[in-house]
Every structure is written in structure tokens, then in C-alpha cells.
Amino acid sequence: MEEIFKIENLTKNFKSLEVLKGIDLSIYKNEVLTIIGSSGCGKSTLLRCLNLLEYPDSGKIYYHGLDIMDPNMNVNKYRSKVGMVFQNFNLFNNMSILDNCVIGQINVLKRNKEEATKIAIERLKDVGMLDFKDARSTTLSGGQKQRAAIARTLCMDPEVILLDEPTSALDPEMVGEVLDVILKLVKKGIPMVIVTHEMLFAKEVSNRIIFMDEGRIVEQGSPLDVLENPKQERTKQFLSRYLV
Amino acid sequence: MKIDFSILINIFNRNISLFIHGIKITCLFAIVGTVGGLILGLLLGGIRALKVEKNDRGISKFFKVIGLAFTRFYIWVFRGTPMMVQAIFLYYFLKPVFHWNSFTAGLIIISINTAAYMAEIVRSGIQSIDNGQFEACRSIGLTFFQSLRYVILPQAIKNSFPSIGNQLIVNIKDSSMLNVLSVTELFFQTSSIAGSNYRYIETYLIAAIIYLLLTSLASAILNAIERKMNGGKKVKTSMEFS
């Protein structure tokens, strides 16, 4: 299988706190990879390193064999290919939902306004948010915001999407609508890396699950292996709090 | 200690065209100074908000460091010295280069002075925006300056609008300092009138009333704009006495 990312011995510290202590990982095309672990284990940091929202302290990240930390790498171009969905949605507050979806296409992908709008409308339709295209993000519910944020990411035609706890800031009632949208993308075959606490969802959509603890990958394998037959003590301990 | 209001009215009537000329020039300087200062301030404030990052290339790191040092120096100097001193110094110092008259020099000096304050207003406005907005910009591949232009600054300016508007009111009053360049603004006109009629109390009282009317008018307009920006909601903070 073709590798999208190859991560080698990645470390990241926040001041004296070691958050990532040497991560080695390959992420493949057509794969949905889920990262689980308790809060503070470094799973979000790992995800944020992948599109350089956090800059690693040492180690390498290769994207199709290219070192993304190479000074000659066009980071902005790279980021447009690696979509990101945030826990707090981060929709642009000063524009409509449609403009949220258009702005990146025009300024980064250099599409003309007409084409960008057409694509944006398609993507908003995909996530069921077309009715809200002229709304401001501040008037939407959490679930609607997250669906709009997913549409914004999709408009950039990303090769892979990183989702950082996409449902953690939502009311329980709204989790379903967002997970449905993500599931739809999975079925389309878009590769994803998901950080989540939704174990049932992880089990349903993932090809591979990684369990992280204290900045290291403790265990990885198929959802069945990791969630139902964990081998490591730490994994068992973590999962005992979830009814899987 | 007595103010004779009939004399006051008389002075006003006799010098009405001089006062009106002064009002026009004062308004022109206040508006140009505020708008020019804002434009320059956006540039300086944008640079002030730059962060030197680990993955910067040598050359961009170099320009960032230089830019940050320059803006810090600029703000330090222009906020730390009186505009009156800046006006006289820069006017004579740069005259051999630009061959400018005092009017043009005054417009430029009030703009660059205001810019120092605007830069700090813009910087704190930028810093008040949730970092997630910026991260979302970067995550779809917008450059630093595109992020500022399309997402961060529109929100920052909206949030700092009261402080930006305040600069207009400050400039209505502070443009009076440009009388040292013989710019015929309201204060200069007032002192020439007073110099010919020797009625200092009445003449300067007229000037004070006019300044108060101008700042009140500006404040009312700013409040109306702010109300409109906030979708018709009433604005709590009043700038009446700023």
C-alpha cells in the first residue's frame, strides 16, 4: 500500500513537558486511522504536527516521500492538501458559511469565484448545510458548525483529512449528525486520521487503531485487535472505562 | 474673570470666515490623520503580530526580526515624544529632501504620529482574536498575510473600533499642535484672531465651544457606525467624554 505519511522518531516538547517521545508511524492511502488515548497523551499534538500547526522538535515527517520540514517545502500548498477539522470548528466568524468555503479555494487553489462557489455549494449539499449558506457561524448550533467546517475542508480537495476530536465540543444530541457526515466521507474513500473518544464510532469506521499513552504508541492494529483483544496492560486499563 | 457674551458673539460674527476655514482644516487634518494613521497602523500592527517560528527560512526570519525591531522602535519614538516636537523636527529635517510645504508636512506628521497609536490598537485587536481562527486559516493554506487580510484584521478592526474612533477625537484636538508649523487650523486661526482683538477669553472660549461641538459630532457619528456594525444593538460604551 502506498504511504501518505511516514513519521520517523518524532518528538515534541512544550517547554519542559515531553509530549511526544519518539513516534514512528506510517499512514497509508485509503486508510482510516484512529488515534485513541487519554487526555494529554499527545494524540492531538501528533495530529497537529502532521500539518505543522505544531512544529516538531526532532524527527521527520515525510509526505509522499517529501520532508515537510524541508525549508524549501511550500508549507501553505502542503497544508491545503491536508485538511484539518478542529474540535472547536473555528469557522471564520466574519463571513458567511459560503464564504468560509470559498475563500481558500480562491486564494490558495486560485480557482475563480464562479467555480469556487459551485464547488462550495456541492460540498455544503454533501454535508446537508446548503440551507445555511448565507448564515453567520455565530447563529448555528455546534453540529451545524462542525458540518460546515467539514465542508470548508472538503472544498480544498484534500488528499487526507485530519480530524481533531471532531465531536468533543458537541452536545450529545449533535454528535450523531457529525459522525454521519464523517461516515459518508469514509465511504467515499477519503483517507483520514481521526483523534476521538467515540470508541464505537472508531470501531465502525477505522481500518487501524492506535492507542497512545504518555507520548508513545503503545498498541496498534485492527479495531478488533485493539478494542476487543488488547494485549498491553495499559490499553486494557484505558478501555475498561469504555463499554465497547 | 467676566465673560461678555455680546462681545463673544460679536467676535464670532466678525471672524466667521476665519473660524470656518479653521474648522475645515482641523477636520481635514483629523480625518486624514486618522485614516492615514489607521492604514499605516494596520501595516505596523500586522508586523508587530508576527511570530518568529522555528520553521522559518533564514531570509524570512531575518525580515521578521528586522520588521519587529523597526516597529518597536517606531512606536517607542512616536509615542514617546510630543507631536509638536516631531512636527518641527521632521518638517525642517526633511524639507531639503521633500521640498514640502507645512501643510503637506502637517498631514504626513499627524498620520505617522497616529500610526504609532493605531499600531498598538491593531496589535491588541489581533491578539484578542481566538487563535483557532488563525489556525483554521493556516490549515487551509492561507499565508500569514492572507489570513490577516481576510479573517483576522476584519474581526480585529471591528473589535477595536471604539479605540480607533477614539483616535479621531484625539486628532481633532491634537491637530492644534500643528499650529507650530503655521498650519491654519482652528487653534492657529483662534490665536491670530485673539492676537488682533486682544479679547483672549472670549476668542478662546469660542474655540473651546467649537472643539467641543466637533468632538461631540464625531462621537455621535462613531456611535452610530458602531451600532450599525453590531447589528442595530445599542452600544453601551459612550465616547462622549473621551
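Check the entry above for the structure.
Summarised in this report is the structure supplied together with it. Note that the structure is a prediction, hence the values are computed from the model and not measured. (Residues numbered from 1 in each chain as written. Chains lettered and ligands numbered in written order. Predicted model: local features only at pLDDT ≥ 70, side-chain atom pairs only at ≥ 80, totals over all residues. Heavy atoms only, no water.)

## Overview of the environment of A:Ile209
Residue and element names in this part refer to chain A.
So, step 1. Structurally, Ile-209 is set in strand β9 (residues 208-213).
So, step 2. For Ile-209, a relative accessible area of 0% corresponds to the buried category.
So, step 3. For the pair Ile-209 and Val-32, spaced 177 residues apart in the sequence, the C-alpha separation amounts to 8.6 Å.
So, step 4. Apart from the residues lying within four places of it in its own chain, the contact partners of Ile-209 are Thr-34, Ile-36, Ala-202, Glu-219, Gln-220, Gly-221, Pro-223, Val-226 and Leu-227. (Helix = DSSP H or I, 4+ residues; strand = E, 2+ residues; numbered from the N terminus. Buried < 20%, exposed > 50% of the residue type's maximum accessible area, 1.4 Å probe, protein only. Contact = heavy atoms within 4.5 Å.)

## Digging into the nonpolar core
So, step 1. Formed by 56 residues in total, the largest nonpolar core has its most connected members in A:Phe5, A:Ile7, A:Leu10, A:Leu46 and A:Ile61.
So, step 2. The greatest single-element share of this core, amounting to 6 residues, is contributed by helix α7 (residues 144-159) of chain B.
So, step 3. The contact partners of A:Ile61, leaving out residues within four places of it in the chain, are A:Phe5, A:Lys6, A:Ile7, A:Leu10, A:Cys49, A:Leu50, A:Pro56, A:Leu66, A:Asp67, A:Ile68 and A:Met69. (Core = buried A, V, L, I, M, F, W, Y, C linked by side-chain atoms within 4.5 Å.)

## Details of the layout of surface pockets
So, step 1. Reported here for the largest pocket is a volume of approximately 1300 Å³.
So, step 2. Taken together, 45 residues make up the lining of the largest pocket; nearest its centre are B:Lys51, B:Glu53, B:Lys64, B:Phe134 and B:Arg138.
So, step 3. Going through the elements one at a time, β1 (3-14) and α2 (75-81) of chain A together with α3 (58-80), α5 (102-127), α6 (131-139) and α7 of chain B are the ones with two or more residues in the lining of the largest pocket.
So, step 4. Examining the composition of the lining of the largest pocket, we find that 6 residues originate from one element, α3(B), more than from any other.
So, step 5. Here the lining of the largest pocket is composed, by residue class, of 23 nonpolar, 8 polar and 14 charged.
So, step 6. Forming the walls of the second largest pocket are 17 residues, and the residues nearest its centre are B:Ile31, B:Leu168, B:Ile172, B:Ala218 and B:Ile221.
So, step 7. When residues of the lining of the second largest pocket are traced back to their parent elements, those giving at least two are α2 (16-48), α8 (161-174) and α10 (200-229) of chain B.
So, step 8. Top contributing element to the lining of the second largest pocket by residue count: α2(B), with 7 residues. (1 Å grid on protein atoms, 1.4 Å probe; cavity = no way out; pocket = protein on both sides within 12 Å on 5 of 7 lines; lining within 4 Å. Points joined across faces, edges and corners; volume = space filled by probe spheres on them. Nonpolar A, V, L, I, M, F, W, Y, C, P; charged D, E, K, R; others polar.)

## Concerning the environment of B:Ile121
Residues and elements named next belong to chain B.
So, step 1. Within the secondary structure, Ile-121 sits in helix α5.
So, step 2. Remark: the alpha-carbon pair of Ile-121 and Phe-187, spanning 66 residues in sequence, is separated by 28 Å.
So, step 3. The contacts of Ile-121, once residues within four sequence positions are left out, are Ser-160, Ser-163, Ile-164 and Gln-167.

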